[in-house]
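Structure at a glance
Residue-level listing of the chains:
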Amino acid sequence: MGELTNRVLFLVAFAVAAVGGVLFLAPIPQPVHYHDFADQRTLLGVPHALNVLSNVPFLLVGVWGCAFLLWRNPFLDSKKGVGNSECKSSRPLFLNRAEWWPYFVLFIGVGLTALGSAYYHLDPNNERLVWDRLPMALAFVSFYTAILAERVHPRVGVWLLGPLVLLGVGSVVNWHQTDDLRMYLVVQFFPILEIPLVVLLFPARYTRGSDVYAVLGWYVVAKLVELTALDRGLFELGGVVSGHTIKHLASAVGAYWILRMLMLRQPV
């Protein structure tokens, strides 16, 4: 118990240090050139077409993920061995009911990202960017909560999901009201830093634990190719696909990888 407490305290200390370090920085305003994406083409009457249409995979993965979580036998019943006898598969997805909710919220966020991002890219501006960032914040914090629930304690899914969702939403609202990106950057990037620590410090309760690194890897790729230099560089290289379009596709693959992990893994 003492070793477990020490590991938890280390995660808490790391979180406090990371968040505190960001908040000690000067306010970070939204870059004025952010909305100036490389691919401005209109196709079939759709402005910025590829940046809009490349959000379709988010919708597919979000709907697929929610349907899978609702259809598959989600829980382990300690008396019967399985949760829902009418379900086609007897292998439970989760050892504890509290672990289901973060993933369900995650796939809701992924599906809503398709709608919010498409709406934003039709006419990129700060007012529309709010609707792009809100569902993404939902996905970030729910995935972080899911990993904590699986590795640290299942009840974390109950204790932290609501407060972290409020934090994610609040970070977007705070940016929109103050033009200060610091809290949103914490919500966006802190999980990338702490999730590997959680995986290293706490034993897996399911197989395919290394899939988490693949998910984070796809997200890192997405963040790199959306940088202005790569967005324009990749578009100018072939004149077909911009870095931002690739960002959407890479992020969608990362979301699919989470779904794939749930489909293939088994309780340890």
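Anything mentioned here points back to the structure above.
A short tour of the structure in this document, coming up. The structure displayed is predicted, hence computed values, not measured ones.

1. Here we look at the overall build of the protein chain
Assigned secondary structure in the protein chain consists of eleven helices and zero strands. Projected onto its principal axes, the C-alpha positions of the protein chain cover 60 × 45 × 30 Å. Put simply, of all contacts in the protein chain between residues at least 6 apart along the chain, 73% involve residues at least 24 apart. As displayed, the protein chain offers around 13000 Å² of accessible surface, 70% of which is attributable to carbon and sulfur atoms. Measuring between centres, the 20 positive side-chain charges of the protein chain sit 11 Å from its 17 negative side-chain charges.

2. Regarding the pattern of salt bridges
Opposite charge on two side chains permits them to pair, given that their charged atoms come into close proximity. One pass over the full model with this rule turns up eight salt bridges. In this structure, Arg265 and Glu150 form a salt bridge, with 2.8 Å as the shortest nitrogen-oxygen distance. Of this pair, Arg265 sits in the segment after α11 (243–264) while Glu150 sits in helix α5 (residues 126–151), placing them 115 residues apart in sequence. Exposure class is identical for Arg265 and Glu150. Each is buried. Here the salt bridges share partners, and the residues they tie into one network are Lys223, Glu226 and Lys247.

3. Digging into the layout of surface pockets
Space inside the largest pocket adds up to approximately 860 Å³. In terms of lining residues, the largest pocket is bounded by 45 residues, among which Phe140, Gln188, Tyr219, Lys223 and Lys247 are the most central. If you list the elements that add at least two residues to the lining of the largest pocket, you get α4 (100–122), α5, α8 (182–201), α9 (211–225), α10 (228–238) and α11. Tallied by class, residues from the lining of the largest pocket come to 27 nonpolar, eleven polar and seven charged. Each pocket or cavity is described by its volume, and for the second largest pocket that value is around 410 Å³. Contributing to the lining of the second largest pocket are 20 residues, with Ala15, Tyr144, Leu164, Phe190 and Glu194 lying nearest its centre. Elements that contribute at least two residues to the lining of the second largest pocket include exactly α1 (2–23), α5, α7 (161–178) and α8. Of the residues in the lining of the second largest pocket, the class split is 19 nonpolar, no polar and one charged.

The rules behind the values
Residues numbered from 1 in each chain as written. Predicted model: local features only at pLDDT ≥ 70, side-chain atom pairs only at ≥ 80, totals over all residues. Heavy atoms only, no water. Helix = DSSP H or I, 4+ residues; strand = E, 2+ residues; numbered from the N terminus. Contact = heavy atoms within 4.5 Å. Areas by Shrake-Rupley, 256 points an atom, 1.4 Å probe, with all protein chains shown as cover. Lys, Arg positive; Asp, Glu negative; His and termini not counted. Charge placed at Lys NZ, Arg CZ, Asp CG, Glu CD. Salt bridge = Lys/Arg side-chain N within 4 Å of Asp/Glu carboxyl O. Buried < 20%, exposed > 50% of the residue type's maximum accessible area, 1.4 Å probe, protein only. 1 Å grid on protein atoms, 1.4 Å probe; cavity = no way out; pocket = protein on both sides within 12 Å on 5 of 7 lines; lining within 4 Å. Points joined across faces, edges and corners; volume = space filled by probe spheres on them. Nonpolar A, V, L, I, M, F, W, Y, C, P; charged D, E, K, R; others polar.

Everything listed is a geometric property; what it means functionally is a separate question.
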